[in-house]
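# Structure at a glance
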Amino acid sequence: MKKKGVSFGPTGFPAFAGTMAVERVATGFRWAEGPVYFPAGRYVLFSDIPNNRIMRFSEDDGHVSVYRQPSMNSNGNTIDREGRLITCEHSGRRVTRTELDGSITIIADKYNGKKLNSPNDAVVAADGSIWFCDPAYGIGGFYEGIKADAEQDKKNVYRVDPKSGDIKMVVDDFVQPNGLCFSPDEKKLYICDTGFTDGPDNPSHIRVFDVDLAGGKLSNSKVFAEMPKPSITDGLRCDTAGRLWCSVGWGDPNEDGVRCYMPDGDLLGKIHVPETVANLCFGGMQRNRLYICGSSSLYAVYTSAQGAMKP
């Protein structure tokens, strides 16, 4: 008789490998956000928004240090194909690239001659195009940015052309666009709408679009997954099988943590974390360690999935 394989957690849910432990690997932050993994240095960079700094967690020895301060109240971070850091800055109201020599290049700070609201999260496609969202959270007060009037009529999603640097609006019907993530084949783009923060009738969900990468266009928008209000999701990553992993927080504490969805939108499982979770990323030598930004702490769990590592 064949022995059944040992299953950790729900059947078919690849969240837990081995001993199924979620570890708190670092703490002492005010609001951890925007994690990105740098394989070349084996470290995670993440924002501590109100403390106006980017932190670095070194995977080899667990050392935590300040990578950049001030960070212009940075939020979302990602990495491009050349290994450079792309950062969305609230108080800078811009998207920047940190060059390999440490200098900073402004990628986007205006659209139609007017200042952006407060770029929040970004992804880089294989062709080098940078896609980012521009909600108004960073100009709403002085906690996570600098209070200011919006100059853009809408909260848009934009694409920056890799050759010309031109900025084009690709979606303009979000209440508050937030985290975004390509599917592994870059034929789909997932984008959170956290408009619920502005009113109970507004959305708290993930939308999915068909991507025309060469044309720089999105089409065929539909709702991929609804979040249980009052919780919201604002951070997304895909694994190599195309499953979507998303943050959950700011609502029911029983929902705080991570959700994993199948590519067809079915909820596969949840990872509970004892704090509001804003964002996450895959890292580790085998891309199988999920790093989770949970407010005051950085958590990590070994999974039996591998991150697609498409930024």
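Note that this is a predicted model, so its numbers are computed, not measured.

## Some words on the pattern of salt bridges
Under the definition given, this model contains 18 salt bridges. In this structure, arginine 42 engages glutamate 59 in a salt bridge whose closest nitrogen and oxygen atoms are separated by 3.1 Å. Of this pair, arginine 42 sits in the loop between strand 1 (23-38) and strand 2 (43-48) while glutamate 59 sits in the loop between strand 3 (53-58) and strand 4 (64-68), and the two are 17 residues apart along the sequence. Judged by its relative accessible area of 28%, arginine 42 is partly exposed. Ionic pairing is found between aspartate 80 and arginine 84, a salt bridge with its closest N-O pair at 2.8 Å. Residues aspartate 80 and arginine 84 agree in their burial class; the two are buried. The network of salt bridges with shared partners includes Asp80, Glu82, Arg84, Arg97 and Glu99.

## Structural notes on the sheet that holds strand 23 (residues 279-283)
Read across the sheet, 6 strands follow the order 4-3-2-1-24-23 without closing on themselves; strand pairing throughout is antiparallel. The sheet terminates laterally at strand 4 and strand 23, the two strands that pair on one side only. Direction aside, the axes of adjacent strands within the sheet are offset by 45° on average. Bridging between strand 1 and strand 2 involves 5 bridges; their strand directions are antiparallel. Among the inter-strand pairings, valine 36 is bridged to a residue of strand 2, identified as leucine 45.

## Re the state of the cysteines
The tally for this structure, following the rule as stated, stands at 0 disulfides. With no disulfide of its own, cysteine 88 has cysteine 133 as its nearest cysteine by sulfur position, at a separation of 6.4 Å.

## Comments concerning the confidence of the model for the protein
In this model, the protein carries a mean pLDDT of 94, and residues with pLDDT of at least 70 account for 96%. A low-confidence stretch, residues 1-7 (pLDDT under 50), is modelled with 0 contacts involving residues beyond four sequence positions or located in other chains.

## Observations regarding the packing of aromatic side chains
As enumerated under the stated definition, the model contains 14 aromatic pairs in all. Plain terms: the ring middles of phenylalanine 29 and phenylalanine 46 are 5.0 Å apart, the flat faces sit at 85° to each other, and that makes the pair edge-to-face. You can see phenylalanine 29 sitting in strand 1 and its partner phenylalanine 46 sitting in strand 2, a full 17 residues away along the chain. Accessibility assignment for this pair places phenylalanine 29 and phenylalanine 46 in one class, buried. Ring plane angle 90° and centroid distance 5.6 Å describe the contact between tryptophan 245 and phenylalanine 282, whose orientation is recorded as edge-to-face. In this pair, tryptophan 245 is assigned in strand 20 (residues 244-248) and phenylalanine 282 in strand 23, connecting sequence segments 37 residues apart. Across the pair, exposure class does not vary: tryptophan 245 and phenylalanine 282 are buried alike. A connected cluster of aromatic rings, assembled from ring pairs, spans Phe13, Phe16, Trp245 and Phe282. In this arrangement the basic side chain of arginine 56 is found over the ring face of tyrosine 43, its NZ or CZ atom lying 5.5 Å from the centre. Stacked on the ring of phenylalanine 174, the Lys or Arg arginine 207 has its end atom at 4.2 Å from the ring centre.

## Points about the side chain of threonine 233
Positionally, threonine 233 belongs in the loop between strand 18 (217-226) and strand 19 (236-238). On the accessibility criterion, threonine 233 (1% relative accessible area) is buried. A polar side-chain atom of threonine 233 sits 2.6 Å from the main-chain carbonyl oxygen of serine 247. Filtering out sequence-adjacent residues up to four positions away, threonine 233 remains in contact with Cys192, Thr194, Ile206, Met227, Cys246 and Ser247.

## A closer look at the side chain of serine 247
Structurally, serine 247 can be placed in strand 20. Judged by relative accessible area, serine 247 falls into the buried class, the value being 0%. There is a polar contact of 3.2 Å between the side chain of serine 247 and the backbone nitrogen of aspartate 234. Here alanine 278 takes part through its backbone oxygen, which lies 3.0 Å from a polar atom of the side chain of serine 247. Residues within four places of serine 247 in sequence aside, it is in contact with Ile232, Thr233, Asp234, Gly235, Gly257, Val277, Ala278, Asn279 and Leu280.

## Section: unusual backbone geometry
Geometrically, the link from glutamine 69 to proline 70 is a cis peptide bond, its omega value of 0° lying close to zero. Residue position: proline 70 is located in the loop between strand 4 and strand 5 (74-79). Omega for the bond connecting lysine 229 with proline 230 falls within 30 degrees of zero, at 10°, which places this linkage in the cis form. Positionally, proline 230 belongs in the loop between strand 18 and strand 19. Located in the positive-phi region is arginine 93, a residue other than glycine, with phi close to 55°. With phi around 60°, arginine 287 is a residue other than glycine that occupies positive phi space. For arginine 287, the position within the fold is in the loop between strand 23 and strand 24 (289-302).

Procedures and definitions
- Residues numbered from 1 in each chain as written.
- Predicted model: local features only at pLDDT ≥ 70, side-chain atom pairs only at ≥ 80, totals over all residues.
- Heavy atoms only, no water.
- Salt bridge = Lys/Arg side-chain N within 4 Å of Asp/Glu carboxyl O.
- Helix = DSSP H or I, 4+ residues; strand = E, 2+ residues; numbered from the N terminus.
- Buried < 20%, exposed > 50% of the residue type's maximum accessible area, 1.4 Å probe, protein only.
- Pairing = 2+ DSSP bridges.
- Axes fitted to C-alpha atoms, helices over the stretch in contact; angles between N-to-C directions.
- Disulfide = S-S within 2.5 Å.
- pLDDT = per-residue confidence, 0-100.
- Contact = heavy atoms within 4.5 Å.
- Phe/Tyr/Trp six-rings, centres within 6.5 Å; stacked < 30°, edge-to-face > 60°.
- Lys NZ or Arg CZ within 6 Å of the ring centre and 35° of its normal.
- Polar contact = N/O pair within 3.5 Å; in protein donor to acceptor, adjacent residues only side chain to side chain.

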